[in-house]
Every structure is written in C-alpha cells, then in structure tokens.
Amino acid sequence: MKKLSLLMLVFGAITMLAGCEPLTIFNPKGPNAETLSNTIILSIITMAFILLVVYTLLAFMLTKYRASKAAADYEPPHEEGSHLLEIIWTVIPIIIVAFLAVVTVRTTSTVEARPDGYDNQEPLVIYASSSNWKWHFSYPEQGIETVNYVNLPVDRAIEFKLYSFGPITSFWIPQLAGQKYAMSDMVTTIHLAADEVGSFMGRNSNFNGRGFAEMEFEAQSMTQQDFDKWVMDVKTHEKPLTEEKFNELLTAEHVGRSSYSSTHLEFRPAPMEHSEHMNMNHTEDSTDSETETHSH
Amino acid sequence: MNAKELFHPMQEPMILAAAISIIVGAVVVVAGLTYFKKWGYFYKNWLSTVDHKKIGIMYIAVALVMLFRGGVDALLMRAQTAVPDNGLLDAQHYNEIFTTHGLLMILFMAMPFVIGLMNIVIPLQIGARDVAFPRLNAVSFWLFAAGAGLLNLSFIIGGSPDAGWTAYFPLASIEFSPTVGNNYYSLALQLSGIGTLMTGVNFITTIIKMRAPGMTLMKMPMFTWSVLITNVIIVFAFPVLTVALALMMLDRQFGTKFFAMQDGGMDMLWANLFWVWGHPEVYIVILPAFGIFSEIIATFARKNLYGYKSMVMSMVVISLLSFIVWAHHFYTMGHGVMVNSVFSITTMAIAVPTGVKIFNWLLTMRHGKIQFTTPMLYALGFIPIFTIGGVTGVMLAMASADYQYHNTMFLVAHFHYVLIPGTVFGVLAGYHYWWPKMFGFRLNEKLGKTAFWFIAISFNVTFFPLFILGLDGYARRMYTYSASTGYGPLNMLSFIGGLGLAVGFILLVYNIYYSWKHMPRNEQADIWDGRTLEWATHSPVPEYNFAIVPTVTRLDEYWFAKKEGRDITAGTFEKIHMPNNTGTPFWMSGFFFLAAFFAVFSQWIPAIISMLGVFGFMLHRSFEKDHGRYISVEEVAATEKKLRGDK
C-alpha cells in the first residue's frame with residue numbers, strides 16, 4: 001500500500017513534468033554540466049536496480065510468511081545465517097560501489113579540468129567574488145567588471161576564480177557546471193564552457209544570511225562577436241571602478257546590475273589559490289606575492 | 001541591550017504565539033503540581049531519581065515535547081514556502097526557524113529519544129540492576145535538560161541562532177551574526193553535549209562490566225550491541241564538538257580568531273571540526289535504531305535474527321567508517337580530485353555493511369510467522385523508505401554529482417529519508433514495543449496503526465517532491481522563491497504532506513491519553529512473546545529490575561528457557577544493594593543553566609558566581625559518604641509476591 005502510494009507519487013510527478021521543460025539538472029548547456037547530468041542518470045539507473053531487488057524481496061517475505069497464512073501450530077525454524085548468501089550480498093554491493101567509484105573518480109577529474117575539446121585554447125579567466133548578497137565579476141584580461149550579471153562567449157573554455165568578501169557562498173550555474181564554494185581566504189576554480197547562446201540562472205546556493213534567497217545573477221552566453229562588442233561598449237561607456245565606489249558596493253546589501261571599465265583586482269587583489277594555500281603556512285607577504293601573478 | 005531588543009523576537013505574532021504557548025504550558029504544569037499537592041511526590045520520585053527507568057522516561061517525555069517544538073518549526077517552514085512570494089515569515093524568522101528546527105530535531109529530539117530508550121532497556125536486557133554510575137546518569141539527563149531549556153529560552157529572550165544548525169563561520173561570527181542567538185548555540189549545545197559524553201562513558205562501562213553471568217559479548221542482544229558501539233562513537237566524537245563549541249565561544253565573546261577571515265584564522269576549520277563530530281553523530285542516532293529494528297523484526301517474525309555475527313561486524317565497520325567520511329559534507333570546498341575521490345570511496349563503502357543489514361533483516365523474516373503489530377509496522381515501513389534514503393546517499397557520495405546536489409532540496413530530501421524512517425521510525429517502534437514494559441499497559445493498537453499509516457504516507461508526500469525540486473535547481477534554506485521558477489505546485493504538495501504528518505504525530509500522542517484511560521492494566525510481563533531478558537521481569541519493572549539475576553548460556557536465553565519450560569528468574573532471594581536518590585544532579589545542573597544563561601549575555605560576574613555553585617555541589621559530593629542502601633529479603637519477597645499475585 002505504501003509502495004503503491006509511492007509509485008503513484010512518482011507517476012504523478014512524471015506526468016506533471018512531462019509537459020514542461022526537463023528538470024534543470026538534466027538540461028545541461030555545456031560539457032561540464034552534461035558530464036554531471038550523465039553521471040546522475042547513470043547512478044539513478046544503478047540505484048533503481050538496487051531498489052527493485054530490495055522491494056521484490058520485501059514483498060515476497062511479507063506475502064509469503066505472514067502469520068495469517070501460516071498454520072496455527074507452525075513454529076518458525078532456528079536459522080543461524082548462510083555464508084554463501086552473506087558472501088553474495090557483500091560482494092555484489094562491493095562490485096557496484098567499485099563501479100561507481102571508478103565513475104566518480106573519472107568524472108570528478110573531467111569536471112575539475114578544462115572541458116574536453118578545449119585543451120588547446122587559453123581559457124577566459126573571470127573572477128567571481130561575493131559580498132553580502134551580490135556577485136562581482138572581474139574580467140582581468142578585458143579590464144572590465146560587472147555586478148550581478150556575467151556575459152560569456154560560447155564555445156570558449158572559461159575559468160571562474162571564486163572568493164568571498166564575507167561568509168562562505170557557493171557559486172552555481174546549474175545548466176553550465178556544478179557549484180563550488182567562494183571563501184574569504186582562498187581562491188577556488190570552476191571550469192566550464194557554454195555550448196549554445198542563452199540566458200541561465202546563476203545563484204549562491206550556500207546560506208549566508210538574511211538576503212540569501214534573492215542572491216541570484218544572470219549568466220548570459222553569446223557569440224564571440226557579441227561578447228567583444230559588449231566588452232567594447234563597457235570599456236567606452238562605463239566609468240572606471242574606484243576604490244571608494246567599490247567599498248560602497250561592498251557594504252551595500254542588495255544592488256541592481258552595474259558595469260565598470262576597470263576591475264577591483266587592481267587595488268584589492270584576490271586571495272591565494274587553494275593548492276598554494278595547502279602548501280604554505282600563510283604569512284603576510286606570501287599573500288601579496290601570490291595574488292600579483294593573477295591580477296596584473 | 002535594552003528590554004525592547006532583548007524581547008525583540010516577541011514582536012513577531014507567530015513567535016509571540018509560540019512563546020505564549022511555552023509559558024502557558026509551564027504555568028499549567030506548575031499550577032497542576034501545586035493544586036494536586038504533588039510537589040513532594042514529583043521531587044522525590046522524579047527530580048531526584050537515579051533510577052535508569054525513570055530517567056529514561058523523562059528523556060522520552062522531553063523528546064516528545066521537542067518533537068512538537070521542532071515540528072511546529074517544520075510546519076511553519078513548509079507553510080511559508082507552500083506558495084511563491086509568501087509573506088507569512090520574513091527572512092530573519094525563517095532563518096531562525098530552520099536553524100532551531102535542525103538543532104531541536106537532531107540534538108533535543110532524536111538524541112534524547114535514543115538515549116531514553118537505552119536507559120530504559122539496556123540494564124534490563126543485560127540483567128543489571130541499574131547503570132554503572134546511576135548518579136552520573138542523572139547528571140547527564142539534567143545537563144541535557146538544561147541545554148534544551150536554554151535553547152528554547154532563546155526563542156523568548158534575545159533571539160534564536162540564525163546561521164543554520166551547522167553554524168558555518170564566518171557567518172556565525174560576531175561580525176555577521178551580532179545577536180546573542182549563536183551564543184545560545186554554543187552554550188546550549190555545550191551543556192547537553194557534556195551530558196551526552198557522560199552518558200557515553202556510563203553505558204560503555206555498564207555494558208562491559210555489568211552483564212548477567214554467562215552473557216559473553218557474542219551472546220548480547222543486538223540492541224545492546226548497537227548501544228555499545230554507539231557509545232564508543234559518542235566518546236570519540238563528542239570531545240570534538242566540545243572543543244569546537246569552546247573555540248566558537250572564544251571567537252564570539254572573547255575576540256579570538258580561530259575561525260576568523262583574517263589574522264591567521266580559518267573558516268574552513270569550523271566546517272571540518274563540525275563534521276568530524278557531525279557525521280559520526282548521524283550514526284549515533286541511527287545505529288540504536290538498527291538495534292531496535294533487529295529486536296522487533298526477530299520478535300514478530302518469531303525467528304532468531306539472521307546472520308547475528310555479520311550484523312555485529314557490519315555495525316563495527318560502519319562505526320569505523322563513520323569517522324573517515326566527514327569531508328563529503330563539503331566536496332565543493334575545492335579540495336582537489338584526490339581528496340574528493342578518497343572521501344567518495346569511503347562514503348560509498350558504508351553502503352556495503354548497511355546493505356548486509358538490510359538483507360539480514362529480510363532473511364530473518366523468511367520462514368517466519370510475521371505479525372503486523374504497531375512496532376512491527378514501523379520496522380517494516382523502515383525498510384523500503386530507508387532504502388531510498390540509502391541509495392540517494394550513494395548518489396550524493398559521488399563527488400562530481402554532488403556538485404549539482406549540494407545545498408539543494410535533493411540533499412534535504414535525502415537526509416530526511418534517512419533520519420525519519422531510520423531514527424524516528426526506530427525510536428517510535430521501540431517506544432510502542434517497550435511501552436508496556438515501562439507502564440504495565442499497552443498503547444492502543446488501532447490508534448497506533450492509524451498514526452503509523454498517516455506518518456508513513458504523509459512522510460513520502462512531504463519529502464519525495466523535494467528530490468524533484470532539488471534536481472530542478474531549488475537551493476535549500478531560501479525563505480521564498482518567485483512564481484516564475486515553477487517550484488510552487490510541488491512545494492504545496494509537500495506542505496499538504498506536512499499537515500498529514502502533523503495529524504499522525506497528534507494521533508501518536510493522543511494514544512497515550514486514550515490508552516492511559518482505556519487500556520487494561522496489569523498486562524503480563526512477556527506481552528509480545530519476546531526473546532530477550534527484559535521480558536523475563538515484571539511489567540512495570542520493580543525498582544531493582546530482577547529479584548534474581550538470571551544466568552545466561554546462549555543468545556536469546558529467555559526464548560529457549562520458555563521453550564524448555566525453565567524459569568530463569570527462580571532462586572532464593574538475597575538482599576539487594578541499590579543507590580540512593582539524590583537532588584544534587586538537578587540542583588547542580590540548575591546552576592550550570594544559570595551560568596550558561598548569564599554567559600550568553602556576557603554577564604561574567606553572575607556567570608562565575610553560578611559556576612561557584614556548580615563547584616560547590618562537586619565539592620560536597622567529594623566529601624559525601626553515600627554507600628547506597630539495601631532492600632531487605634522480606635521487602636523483595638513482598639514486592640515479588642504482589643507483582644506475581646496481580647497477574
């Protein structure tokens with residue numbers, strides 16, 4: 001009866017969703033998110049098999065061995081257990097886990113590196129940093145900065161360098177890549193690329209206080225020409241980001257979108273990379289020398 | 001801090017209503033005790049008791065109250081998110097509510113329920129007359145109660161913690177959480193955590209040293225095994241929490257920089273310390289539930305537990321693995337492929353011993369004679385629902401895929417699918433199963449079963465939609481969302497499920513009242529035709545548990561003795577040594593509570609004076625000569641005659 005209700009629930013959900021778009025996670029628009037989508041689908045199929053085995057066994061035991069079906073004087077036997085069965089239900093799960101472990105290690109390495117097919121391309125580096133309930137995007141190569149929106153060229157490897165000016169946040173554009181934390185004392189990296197032109201929801205997914213629910217941004221992928229044109233526009237029409245203006249931005253709670261023709265990295269460099277962080281006792285001067293290499 | 005700020009939570013109507021209900025409840029209890037002139041009885045029999053059974057009952061009573069406190073939080077959250085752009089709660093109150101929901105349910109509902117059942121059952125199952133340190137046991141309970149009281153007080157005075165039950169730094173630092181809410185967090189958890197640590201020491205000693213003659217380790221009932229392993233985990237895991245909370249207090253109230261963003265502090269250190277305790281904590285609340293299911297499935301299938309040795313081994317393996325998986329709570333922190341892969345593999349490995357247990361339970365039922373009693377329904381409901389929680393756990397364990405599940409409703413659905421069918425069904429199964437042993441009458445089966453079906457079905461209606469929402473990119477802990485996301489309908493479904501759960505839990509508690517009024521008294525001792533020693537003594541159990549301590553020769557001794565027509569409780573009575581009741585634990589914890597309360601507001605002088613009170617009681621205890629007392633042979637004989645004659 002319970003299983004029946006569960007099944008109905010699943011079917012209900014499926015029919016409800018059938019008319020709509022596929023679920024966000026299963027609607028990837030870039031190689032990183034696609035790898036993850038495939039991994040998740042594979043794991044769901046594997047897990048469905050395990051559920052089937054357990055449910056079948058349970059249904060069998062409950063229908064065959066209920067007291068109402070047994071003779072009144074039936075006395076169940078004493079059974080110690082069976083080595084053969086125990087070996088079977090230990091070894092098969094180990095094989096399943098080993099299989100999933102291989103999948104995990106491979107896909108983790110895939111999404112933690114430059115996407116396949118972009119190996120010979122220099123990635124576009126964008127620094128994404130959070131403060132209160134907003135996101136700052138710095139393009140050191142282009143020398144521009146935006147708040148609460150990020151534009152990306154399609155078919156180009158992109159590296160997001162993440163950090164935070166406060167509590168831990170998590171940078172997430174589900175249709176392009178999995179999330180990663182942005183923290184105050186080190187820089188983390190997300191590799192991604194967008195396969196097609198479009199607008200995608202991006203957000204902080206890690207709770208960081210009162211304004212958390214509204215901490216969203218738009219990630220828009222565009223052709224290289226449109227991207228270059230947009231960069232030119234920002235460079236020529238927007239004001240540079242002064243330290244004073246940036247401090248004002250940092251303390252504000254929520255702000256709308258804005259663009260600047262210089263980045264905050266020039267006067268407020270990003271913290272260290274994770275790998276460097278792990279390899280050194282953090283001393284004052286190392287912070288400075290490390291960040292200079294990224295933010296020229 | 002002025003009075004207006006101090007009582008700022010009360011300015012919100014919802015919070016005010018909750019606060020009033022807490023105060024009214026307390027007034028009713030006090031007035032009732034005064035009216036019926038029961039203060040003396042209450043103090044002598046409950047507040048100053050060292051009897052493990054009474055302490056266990058008090059643990060469970062507090063757990064049930066907290067279940068409703070945390071449950072109201074849950075309903076408010078589901079109501080707030082039931083429709084898009086809802087204004088029932090603002091962000092601040094939503095944040096306080098999901099924080100206290102997590103804290104209350106894990107630390108002040110699941111933990112005391114589990115510890116309460118351990119208290120009641122373990123000495124009975126191993127044929128002991130009490131725990132190893134009865135007075136310490138009372139200290140454990142009263143420290144826990146002080147912690148629970150302190151956390152609930154935050155609701156009324158000063159504001160609740162609002163940085164999530166994980167209280168990640170720097171969010172939980174004084175800079176980003178300037179109210180006293182997170183001071184309540186560090187101090188309330190510290191008090192109850194110290195209590196839990198003492199429980200760990202107490203029960204390990206009890207199980208190692210006080211088993212009935214002949215009961216070797218491999219002849220112990222499975223629940224006793226699960227509790228032994230759980231308490232070993234407690235002793236290793238809780239000191240980490242103690243240290244982490246102390247550092248948190250120093251950071252917030254004394255200006256240290258352990259978890260600060262600058263001056264050499266490290267916010268990631270908190271996340272690591274928290275989960276080094278936090279992951280084993282999950283197994284602390286789940287392993288005893290596994291033990292309970294093992295007892296119940298064997299009893300109502302009328303068969304011995306299948307694969308006893310592999311059941312023990314699998315729990316030992318789970319307890320070891322539980323300490324080396326903590327980083328899976330933050331795969332997204334950016335530690336490289338290598339670290340994430342190692343933690344993925346250790347995490348997935350837990351599925352293997354857990355699977356062994358599931359198959360052993362299923363095979364226990366083969367060739368059995370299954371009776372569908374209320375406790376058995378919970379045990380049977382556990383298997384299919386918990387398996388969903390288990391397999392989604394394996395999915396989450398895959399580091400790469402976790403980049404998409406982390407911080408989403410998928411994760412929320414997963415851990416509710418583990419903790420509710422696992423821990424909550426487990427303790428509810430145990431509660432129905434051992435209730436007649438505690439009180440001498442049954443809980444009504446019909447009401448019990450109705451409540452079960454409400455809870456089991458509503459649970460799936462509430463939490464299954466959250467899996468789908470998570471896969472659709474719905475982040476957890478958002479107090480609201482816009483209609484354009486399309487998250488509305490499934491959230492509404494989830495809210496309806498939440499209402500069903502509320503009905504189920506109200507029925508569950510109504511059943512106490514109904515059964516107290518209507519169920520026949522003086523049930524026989526062995527009401528379920530049980531297999532373990534607790535069923536060999538009377539219901540309700542006399543103070544000394546067993547007049548004659550039974551001798552054990554094999555696993556399920558009592559079951560085989562019944563079959564062979566032996567009476568394992570026969571023998572000549574001797575005088576019985578018992579500990580004296582004492583009010584010290586109650587009053588000492590009272591001073592602990594005061595000290596912690598003043599410390600929340602950084603009022604150090606009164607806090608230090610209160611701590612002097614605590615040390616005063618310790619000093620008194622150090623010089624006190626209390627060798628306990630003896631129950632004479634005549635008294636034992638009279639009690640036994642009365643309990644036997646009644647049947």
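Named according to an unreviewed UniProt entry, chain B is Quinol oxidase subunit 1 originating from Lysinibacillus piscis. What UniProt records for chain B under Sequence similarities (unreviewed entry) is the sentence "Belongs to the heme-copper respiratory oxidase family." Annotation of chain B in UniProt includes, under Subcellular location (unreviewed entry), the sentence "Cell membrane".

As recorded in an unreviewed UniProt entry, chain A goes by Quinol oxidase subunit 2 and comes from Lysinibacillus piscis. One UniProt comment on chain A, placed under Function (unreviewed entry), says "Catalyzes quinol oxidation with the concomitant reduction of oxygen to water. Subunit II transfers the electrons from a quinol to the binuclear center of the catalytic subunit I." Database annotation for chain A, UniProt heading Catalytic activity (unreviewed entry): "2 a quinol + O2 = 2 a quinone + 2 H2O".

A. Structural view of the overall build of chain B. The helix and strand tally for chain B stands at 21 helices and 2 strands. Relative to the compact-globule value of 26 Å for 647 residues, chain B shows a C-alpha radius of gyration of 25 Å, a close match. Long-range pairs, those at least 24 residues apart, make up 83% of the contacts in chain B between residues at least 6 apart in sequence.

B. Fine view of the sheet that holds strand β1 (residues 124-131) of chain A. All names here are of chain A. Pairing is mixed across the open sheet formed by 6 strands, whose spatial order is β8-β5-β1-β2-β3-β11. Bordering the open sheet on either side are β8 (188-192) and β11 (258-260), each of which pairs with just one other strand. Geometrically, the sheet is characterised by an average inter-axis angle of 20° between neighbouring strands, direction not taken into account.

C. Representation of the packing of helix α2 (residues 31-64) of chain A against helix α13 (residues 374-397) of chain B within the structure. Running from amino to carboxyl end, α2(A) crosses α13(B) at an angle of 165°, the nearest separation of the two axes being 10 Å. One way to sum up the angle between α2(A) and α13(B) is to call them roughly antiparallel. The way α2(A) lies across α13(B) gives a crossing that is right-handed. Contacts between α2(A) and α13(B) pair A:Ser43, A:Met47, A:Ile50, A:Leu51, A:Val54, A:Tyr55, A:Leu58 and A:Leu62 from the former with B:Leu380, B:Ile383, B:Pro384, B:Thr387, B:Ile388, B:Val391, B:Val394 and B:Met395 from the latter. Of the residues belonging to the contact of α2(A) with α13(B), the class tally is 14 nonpolar, 2 polar and no charged.

D. Spotlight on the pairing of strand β10 (residues 216-222) of chain A. All names here are of chain A. The alternating pattern of β10 places Phe217, Ala219 and Ser221 on a buried face and Glu216, Glu218, Gln220 and Met222 on a face that is not buried. Here 5 bridges tie strand β4 (residues 149-153) to β10, and the two strands are oriented parallel to one another. Bridge assignment links Leu152 to a residue of β10, and that residue is Ser221.

E. Spatial organisation of the interface of chain B and chain A. At the junction of the two partners, chain B supplies 81 residues and chain A supplies 75 residues. Among the elements of the structure, α5 (91-125), α9 (267-300), α10 (308-321), α11 (337-349), α12 (351-365), α13, α14 (399-405) and α16 (445-471) of chain B are those that each provide at least two residues to the side of chain B that touches chain A. Residue classes in the side of chain B that touches chain A are distributed as 47 nonpolar, 27 polar and 7 charged.

F. Looking closely at the environment of B:Met118. All names here are of chain B. Following the sequence through the fold, Met118 ends up in helix α5. Residue Met118 is classed as buried on the basis of its C-beta count, with 29 C-beta atoms lying within 10 Å. Separated by 107 residues in the primary sequence, Met118 and Trp225 have C-alpha atoms spaced 11 Å apart. Excluding residues within four positions of it along the chain, Met118 makes contact with Phe203, Val227 and Pro288.

G. Quick peek at the UniProt feature "transmembrane region" (unreviewed entry) in chain A. Residues and elements named next belong to chain A. Here, the residues flagged by UniProt with the feature "transmembrane region" (unreviewed entry) are residues 36-63 and 84-105. A distance of 40 Å separates the end C-alpha atoms of residues 36-63, which is 100% helix and 0% strand. Taken end to end, residues 84-105 is 100% helix and 0% strand, and its first and last C-alpha atoms sit 31 Å apart.

H. Quick peek at the UniProt feature "domain: Cytochrome oxidase subunit I profile" (unreviewed entry) in chain B. According to UniProt, the feature "domain: Cytochrome oxidase subunit I profile" (unreviewed entry) maps to residues 35-553 of chain B in the numbering used here. The span residues 35-553 of chain B is 68% helix and 0% strand, and its two end C-alpha atoms sit 52 Å from each other.

I. The arrangement of the pairing of β8(A) in detail. Residues and elements named next belong to chain A. Across the 5 residues that make up β8, a large majority, 4, are buried. Inspection of the sheet shows strand β5 (residues 158-164) paired to β8 by 5 bridges, in the antiparallel sense. Bridged to Phe160 within β8 is Ile190.

J. Quick look at the sheet that holds β4(A). All names here are of chain A. Strand order across the open sheet formed by 5 strands is β4-β10-β9-β6-β7, with mixed pairing between neighbours. The open sheet has two edge strands, β4 and β7 (177-182), and neither has a second partner. Put simply, the sheet's adjacent strands are angled 20° from each other on average, direction ignored. Sheet analysis places strand β6 (residues 169-173) next to strand β9 (residues 198-204), joined by 2 bridges and oriented antiparallel. Across the sheet, Trp172 pairs through a bridge with Arg203, a residue of β9.

K. A look at the packing of α16(B) against helix α17 (residues 488-518) of chain B. Residues and elements named next belong to chain B. Put simply, α16 and α17 touch, their axes get as near as 8 Å, and they point 160° apart. In this view, α16 runs roughly antiparallel relative to α17, as classed from their interaxial angle. Handedness of the α16/α17 crossing: left-handed. Split into classes, the residues belonging to the contact of α16 with α17 amount to 20 nonpolar, 10 polar and no charged.

L. Broad picture of the nonpolar core. Counting 270 residues, the largest nonpolar core has B:Leu150, B:Phe293 and B:Ala596 as the members making the most contacts within it. Per element, the largest residue contribution to this core is 22 residues, and it comes from α9(B). Two domains each donate at least three residues to this core, and these are domain 1 (23-64 + 83-112) and domain 2 (124-294) of chain A. Those residues within four positions of B:Phe293 in sequence are excluded, and the remaining contacts are B:Trp361, B:Ala379, B:Phe382, B:Gly426 and B:Ala429.

M. The confidence of the model for chain A, seen in detail. Averaged over every residue, the pLDDT of chain A is 88; the share at 70 or more is 85%. Counted against residues more than four places away or in other chains, residues 281-296 of chain A, with its pLDDT under 50, gives 17 contacts.

N. Representation of unusual backbone geometry. All names here are of chain B. The peptide bond linking Phe169 to Pro170 adopts the cis configuration, its omega dihedral lying at 0°. Looking at the secondary structure, you find Pro170 in the loop between α6 (134-153) and α7 (181-209). Here the amide bond leading from Ser539 into Pro540 is cis, since omega sits at -10°, within 30 degrees of zero. In this fold, Pro540 is placed in the loop between α17 and α18 (557-564). A positive phi angle, near 65°, is found at His367, a position not held by glycine. One can find His367 in the loop between α12 and α13. His367 sits in the partly exposed class, given 19 other C-beta atoms within 10 Å.

O. Broad picture of the domain arrangement of chain A. Residues and elements named next belong to chain A. Along its sequence, chain A is carved into domain 1 (23-64 + 83-112) and domain 2 (124-294). Facing 12 residues of domain 1, the contacting portion of domain 2 comprises 13 residues. In terms of residue count, α2 provides more of the side of domain 1 that touches domain 2 than any other element does, 4 residues in total. Here the residues of the side of domain 1 that touches domain 2 sort into 6 nonpolar, 4 polar and 2 charged.

P. Main features of the environment of B:Leu150. All names here are of chain B. Tracing the backbone through its elements, the reader meets Leu150 in helix α6. Separated by 272 residues in the primary sequence, Leu150 and Gly422 have C-alpha atoms spaced 28 Å apart. Leave out the neighbours within four places in its chain, and Leu150 touches Tyr184, Leu187, Ala188, Leu191, Phe593, Ala596 and Phe597.

Rules used throughout
Residues numbered from 1 in each chain as written. Chains lettered and ligands numbered in written order. Predicted model: local features only at pLDDT ≥ 70, side-chain atom pairs only at ≥ 80, totals over all residues. UniProt positions renumbered as here; feature names shortened; annotations may be inferred. Helix = DSSP H or I, 4+ residues; strand = E, 2+ residues; numbered from the N terminus. Rg over C-alpha atoms; globule rule 2.2 N^0.38 Å. Contact = placed C-beta atoms within 7 Å. Pairing = 2+ DSSP bridges. Axes fitted to C-alpha atoms, helices over the stretch in contact; angles between N-to-C directions. Parallel < 35°, antiparallel > 145°, perpendicular 65-115°, else oblique. Left-handed = near helix turned anticlockwise from the far one by under 90°. Nonpolar A, V, L, I, M, F, W, Y, C, P; charged D, E, K, R; others polar. Buried ≥ 20, exposed ≤ 12 C-beta atoms within 10 Å, placed from the backbone. Core = buried A, V, L, I, M, F, W, Y, C linked by C-beta atoms within 7 Å. Domains from an automatic or database assignment. pLDDT = per-residue confidence, 0-100.

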